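Per-entry structural report
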Amino acid sequence: MREVLINTNNPYTVYIGQDLLSKCGEYLNRVKQPCKVLVVCDDNVNKLYSTCVMDSLKDNGFDPFKHFFKSGEENKDIKNLEAILETLAKNNFNRSDLVLALGGGVCGDMAGFAAATYMRGMDFVQIPTSLLAMVDASVGGKTAVNLSSGKNLFGAFHQPKMVLCDIDTLKTLPEEEMKNGYAECIKHAFLADPTLLSKMDDLEDLIAQNIEIKASFVCGDEEDRDKRTALNFGHTIGHAIERASGFEISHGKAVAIGMCLELKAMGFDKVYEQLKAELLKYDLPCECELNFFDLKSELMNDKKISGKYITIPTVESIGSYQLITMDEAEYTQFIKRALI
Ligand code: GLY
């Protein structure tokens, strides 16, 4: 069992270990008095894990309710957000109750945003069940849904009260989904700590070390205005690829391609070759068929654009990052170099 303290303005602990789902009620007792709990999950996770979680909540004095939605990034939208809010309202939840996000990043982002906004904010906890959500999305308090104009455009910062990563849940995760998580681990290694690359086999250590790296970027910059923006390495082009492919290219794979294309466009050839070698070990892609014209409108609508400028995080040598600010003309040249 590993514990990582996330020292944000309202600190919380991430627990990483085995057989935690069946003990989630006990862990929840550490941070919350008995209350109503809305367990939010998708239809796949519902079949696999919701009974075990609801039973543990009941055994520990909580009053659990359940809301599930159809799986898939395309369902992380206002309609499904509204449905969660209506479930809370119909069951008379109030601000002292709790939302529990049980699932991958889609679930955590959407349930977290419901918690951030219902009655102007209530507590939530994250129980991520994918490697990607464990090493990235469940920590740091970014919550959002997608708009038809772009990914994560409607959202809020809202830190969870606790995160439980039960690595047993990864046993049922398809190999393709594990790859999405490895892409974010490789991103963290290139940004901050190459030693991570030799620890990819021990899941408990891998997840804990990734969360420590993520915390080092989030703490002190919770609202993503300075050093936290480095975590967007590969995401400028990655998000555009994900959306332009209609989410056929999954998040981790899109970020893998995004990191490669962004490094190539920066002209950082050595680190680009190192990155490609690491990604190929996990059968992750380094390029795709979408080009500048396919991605132009997505890239120009990026939420990281502030006024006339955009800041692109990059890695000139493995283990350290730079933030490079570009004006519109420089940004257009940059994405042309990456994609033409
Ligand atoms: N996934 C990037 C961040 O949380 O800032």
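No experiment lies behind these values; they were computed from the predicted model shown. (Residues numbered from 1 in each chain as written. Predicted model: local features only at pLDDT ≥ 70, side-chain atom pairs only at ≥ 80, totals over all residues. Heavy atoms only, no water.)

Thoughts on the site of the ligand
If you check the shell around the ligand, you find Asp136, Lys142, Lys214, Arg228 and Leu231 and nothing else. Note that an oxygen atom of the ligand is positioned 2.6 Å from one of the side-chain N or O atoms of Lys214. The fraction of the free accessible surface of the ligand (200 Å²) that becomes covered by protein chains is 90%. Across the shell around the ligand, the residue classes tally to one nonpolar, no polar and four charged. (Near = heavy atom within 4 Å. Polar contact = N/O pair within 3.5 Å; in protein donor to acceptor, adjacent residues only side chain to side chain. Areas by Shrake-Rupley, 256 points an atom, 1.4 Å probe, with all protein chains shown as cover. Nonpolar A, V, L, I, M, F, W, Y, C, P; charged D, E, K, R; others polar.)

Comments concerning the packing of aromatic side chains
Within this structure, the stated rule accounts for six aromatic pairs. Taking 5.3 Å as the distance between ring centres and 70 degrees as the angle between the ring planes, the aromatic pair formed by Phe65 and Phe93 counts as edge-to-face. Note that Phe65 is positioned in strand S4 (residues 63-69) and Phe93 in the loop between helix H3 (78-90) and strand S5 (98-103), a separation of 28 residues in sequence. Among the residues examined, Phe93 registers a relative accessible area of 1% and is labelled buried. Considering the side-chain rings of Tyr182 and Tyr282, the 4.8 Å spacing of their centres and the 35 degrees angle between planes classify their relative orientation as tilted. With Tyr182 in helix H6 (residues 175-191) and Tyr282 in the loop between helix H10 (269-281) and helix H11 (292-300), this pair connects stretches of sequence that are 100 residues apart. By relative accessible area, Tyr182 is classed as buried at 13%. (Phe/Tyr/Trp six-rings, centres within 6.5 Å; stacked < 30°, edge-to-face > 60°. Helix = DSSP H or I, 4+ residues; strand = E, 2+ residues; numbered from the N terminus. Buried < 20%, exposed > 50% of the residue type's maximum accessible area, 1.4 Å probe, protein only.)

Focus on the confidence of the model for the protein chain
For the protein chain, per-residue confidence averages 96 on the pLDDT scale, and 100% of positions sit at 70 or higher. Averaged pLDDT values for the elements of the protein chain fall to 78 in strand S10 (residues 305-306) and rise to 99 in strand S3 (residues 36-42). (pLDDT = per-residue confidence, 0-100.)

Topic: the side chain of Ser56
Along the chain, Ser56 falls in helix H2 (residues 43-59). A relative accessible area of 3% means that Ser56 is categorised as buried. Looking at Ser56, its side chain comes within polar contact range of the main-chain oxygen of Ser22, at 3.2 Å. When sequence neighbours within four positions are dropped, the list of residues in contact with Ser56 reads Leu21, Ser22, Lys23, Cys24, Gly25 and Glu26. (Contact = heavy atoms within 4.5 Å.)

Regarding H3
Given a rise of 1.5 Å per residue, 13 residues ought to cover 18 Å, and the 18 Å separating the end C-alpha atoms of H3 matches this to within 8%. Restricting attention to buried positions, one finds in H3 the residues Asn80, Leu81, Ile84, Thr87 and Leu88. Angularly, the buried residues of H3 cover 120 degrees about the axis, an arc narrow enough to put them on a single face. In this structure, H3 carries Lys79 and Lys90 as exposed residues pointing more than 90 degrees from its buried face. (Expected span 1.5 Å × (residues − 1). Arc of directions from axis to C-beta.)

Remarks on the pattern of salt bridges
Where charged atoms from two side chains of opposite charge come close, those side chains can pair. Inspection of every chain in the model, using the stated rule, returns 19 salt bridges. A salt bridge links Lys58 to Asp55, with the shortest nitrogen-to-oxygen separation between them at 4.0 Å. Of this pair, Lys58 and Asp55 both sit in helix H2, three residues apart, which is roughly one turn of that helix. Among the residues examined, Asp55 registers a relative accessible area of 36% and is labelled partly exposed. Ionic pairing is found between Asp168 and Lys171, a salt bridge with its closest N-O pair at 3.2 Å. A relative accessible area of 21% means that Asp168 is categorised as partly exposed. Each of Glu73, Lys76, Asp109, Lys151 and Glu242 takes part in one network of salt bridges that share partners. (Salt bridge = Lys/Arg side-chain N within 4 Å of Asp/Glu carboxyl O.)

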